[in-house]
Structure formats: C-alpha cells, structure tokens
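Chain by chain, the residues run as shown.
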Amino acid sequence: MRTRTALLFALAFGLSVLPAAAKEKLTIYTYESFTAEWGPGPQVEKAFETACGCDLEFVAVADGVALLNRLKLEGASTGADIVLGLDTNLTAEAKATGLFAPSGADLASISVPGGWSDDVFVPYDYAHFAVVYDSKALKNPPASLRELVEGDPNEKIVLQDPRTSTPGLGMVLWVKAVYGNKAPEAWAKLKNRVLTVTPGWSEAYGLFTKGEAPMVLSYTTSPAYHMVAETTDRYKALAFEEGNYLQIEVAGMTTTGAKNPLSAKFLAFMTGPEFQDVIPETNWMFPAGATSKPLNPAFGKLPDVRKTLLFPADEVAANRKAWVDEWLAAMSR
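Procedures and definitions
- Residues numbered from 1 in each chain as written.
- Predicted model: local features only at pLDDT ≥ 70, side-chain atom pairs only at ≥ 80, totals over all residues.
- Heavy atoms only, no water.
- Helix = DSSP H or I, 4+ residues; strand = E, 2+ residues; numbered from the N terminus.
- Buried < 20%, exposed > 50% of the residue type's maximum accessible area, 1.4 Å probe, protein only.
- Lys, Arg positive; Asp, Glu negative; His and termini not counted.
- Salt bridge = Lys/Arg side-chain N within 4 Å of Asp/Glu carboxyl O.
- Polar contact = N/O pair within 3.5 Å; in protein donor to acceptor, adjacent residues only side chain to side chain.
- Contact = heavy atoms within 4.5 Å.
- Arc of directions from axis to C-beta.
- Core = buried A, V, L, I, M, F, W, Y, C linked by side-chain atoms within 4.5 Å.
- Phe/Tyr/Trp six-rings, centres within 6.5 Å; stacked < 30°, edge-to-face > 60°.
- Axes fitted to C-alpha atoms, helices over the stretch in contact; angles between N-to-C directions.
- Parallel < 35°, antiparallel > 145°, perpendicular 65-115°, else oblique.
- Nonpolar A, V, L, I, M, F, W, Y, C, P; charged D, E, K, R; others polar.

## A look at the side chain of glutamate 249
Thinking step 1. Position of glutamate 249 among the secondary structure elements: in strand β10 (residues 244-254).
Thinking step 2. An unpaired buried charge is present at glutamate 249: no salt bridge exists, and arginine 320, the closest side chain of opposite charge, is 14 Å distant.
Thinking step 3. Separated by 3.5 Å, the side chains of glutamate 249 and asparagine 283 make a polar contact.
Thinking step 4. Residue contacts for glutamate 249: discarding those within four places in its chain leaves Tyr31, Gly85, Leu86, Asp87, Val122, Pro123, Tyr124, Asp125, Asn283 and Met285.

## A few points about helix α11 (residues 261-270)
Thinking step 1. Listing the buried residues of α11 in full gives Leu262, Ser263, Phe266, Leu267, Phe269 and Met270. One face of α11 carries all of its buried residues, which in axial projection span an arc of 160 degrees.

## Some details on the nonpolar core
Thinking step 1. Leu84, Leu86, Met171, Trp187, Phe266 and Phe275 are the most contacted members of the largest nonpolar core, which has 92 residues in total.
Thinking step 2. Ranked by residue count, the leading element in this core is strand β5 (residues 121-134), at eight residues.
Thinking step 3. Residue contacts for tryptophan 187: discarding those within four places in its chain leaves Leu159, Met171, Val172, Val175, Trp327, Ala330 and Met331.

## Some details on the side chain of serine 218
Thinking step 1. With respect to the element layout, serine 218 can be found in strand β8 (residues 215-219).
Thinking step 2. Excluding its chain neighbours within four sequence positions, the residues that come into contact with serine 218 are His128, Phe129, Ala130, Val132, Trp201 and Tyr205.

## Structural notes on the packing of aromatic side chains
Thinking step 1. Counted by the stated rule, this structure contains 22 aromatic pairs.
Thinking step 2. Seen from their ring centres, tyrosine 245 and phenylalanine 311 are 6.3 Å apart, and the 45 degrees between their planes marks the pair as tilted. Of this pair, tyrosine 245 sits in strand β10 while phenylalanine 311 sits in the loop between β12 (308-309) and α13 (313-332); the two residues are 66 residues apart in sequence, bridging distant segments of the chain. Exposure class is identical for tyrosine 245 and phenylalanine 311. Each is buried.

## Side note on the packing of helix α7 (residues 166-179) against α13
Angle between the axes and distance between the axes: these two values describe a pair of packed helices.
Thinking step 1. Remark: α7 packs on α13, axes separated minimally by 10 Å, with the N-to-C direction vectors making an angle of 90 degrees. Judged by the angle between their axes, α7 and α13 are roughly perpendicular. Residues Leu169, Val172, Leu173 and Lys176 of α7 touch α13, and the partners they reach there are Val316, Arg320, Trp323, Val324, Glu326 and Trp327.
Thinking step 2. Broken down by class, the residue content of the contact of α7 with α13 amounts to seven nonpolar, no polar and three charged.

As structure tokens, then:
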C-alpha cells in the first residue's frame, strides 16, 4: 500500500519514477601500490571520471607479475578492460595469451629510453632498477653488482619474488645480463646477503624503511620520494659499474575491453598531462608521456645510470621460467 501511494504521489506531482541511468564502467587491473592512498590511483580515478562521466574501478593484486598470472587464470572471461602494470619483460608473454587487443593509441607523445613502437602496449612510466641504501646504516655501499654479490653477508638486502613481482623479475634479469651462464653461482653467493624475499615491492620497501635491512631492491627514482616528502637525502640509489636494468611499465587493453569504448579513451587519457603529471610524485617514476610541468628538482639529484641493460621481450618470454628456476634453486638450498 505504501509503495502504491508513493507511486501515485510521484505521478501526481510530475516526479520521475524511473531509475537513474547507470554510468558506463571501466575496470582496470593493476598493482597495489598504484591504488594505494599515496599512489597515482586516487588522482587518476578522479580525473578520468570527471572527463568521461563514468565509473572507473581499480582491482589490485600484489605486483606486476601477479597481474599476468591472474589474467592467465581468468582467460577470456576476465573482468579486466585494461591491465596496467605489466612491463617490457612480460609483454611478449602477455601477447602470446591472445587476451590483448591492439591499442589504437597515438604514441606521438611517448618518450622512453630506446624508443617505442609496440601496437598493443602503451608505456606510462619508466626507471632503472637499483639497490637503494640507508646512508646512516651503511657507510660503504657496493659500487657494482659484483660487490653486492660478493660483499659482507652481515649487510643485508631485501628482495622481491620474481614469480609475483616485476622488480623481483628485474633482479633475475639483471643478474643474468651481467653473469650470463654463471648466474646460478652468483645467486648462491648473494643468498647470504638476502634478509628475506617478499611477494611485492611494497612489503620489501616497508621492511627497508623500518630499518630491518640497510638495502632494498627498488628504483633509481625512489630517493626522490624521500627528498620531496620527507626532506631528507638519507636514502640513496646506486648506479652500478656494470649498468642497471631498465623497467618500462605499460598498460594494455584486453580483447574483452576492446568492446568497451572507455578502454580506448583511457589509453589516450593515459598518455596526456592529466595522467602523466601525477606519475612522478605518486608512483615516483619518470613519466613516459606528455606533461604540462617540469619535474621536481629532486629528480635532477638522482644518480646517472652508466649503462642501460634490457633483454628483448621475446628473449625474456623464452627463458623466464628457466631463469627464475635458477634463482629458486639457489635460494632454496
């Protein structure tokens, strides 16, 4: 009776009794630090929703490799329109799943080391992996990967698992690029310096900043956060003599997402200033697209990488399991 009375009242006074139209929705799979309160996610979500009048939903997993693992498990029934947070070490393997569609994105504003021409994945930031150390806890940091491997086992480092984490995989590739066939022996030595191996970057960096270890695998850009947010240069990144391994982070549109017009709109949005201006001081990486303002001067104080190391994506795809197995065998002994 009450429902009928309310309906008659609404009709009598010309009030709408139809439900509000549902907003279009875009679902993006990404990693946890991107969606964190201090990460790019909240600002990106607000800016894109304002631009599109839609609903953007982030679904987060621990780290980048976990993104690809989840996508493989879900297959063609995935709920993701966009996957944001893979890197160039995973793109060939990701394409091989058949779950990604050509982006159709205009790449004119994209600028990353070595250039970019991929028709499926679109870069949004980049930096080199680096050992970051606490200058108050470690007075003589390693100047090379070799010194890290062969150094004092009492001076510990926190690493990430290459089976779930893109930095962890990056470290495996870094060691392989420098040591080649002798990588298993290098891991056997480095194991003595490893305090622990975490599933993702956030856990590792948290242990480091809590003082659990004087070193952590992170990025050359990580100290910029401490300089800007904490006004301290206590934490420093190392450019190694042999070179540092490069990470270029990318986003891709799934075949499911290709049916959603918002997917292409987001990739175009991602290359422009509203997205790119957010990246340096939230994700603490270099922007890969067009920006409207200069970088914070703190980025100019970061170490210059002597040499960039990077395997071709197809070579990583062909060897990733074997190289990770080498790491696992050494760390399990």
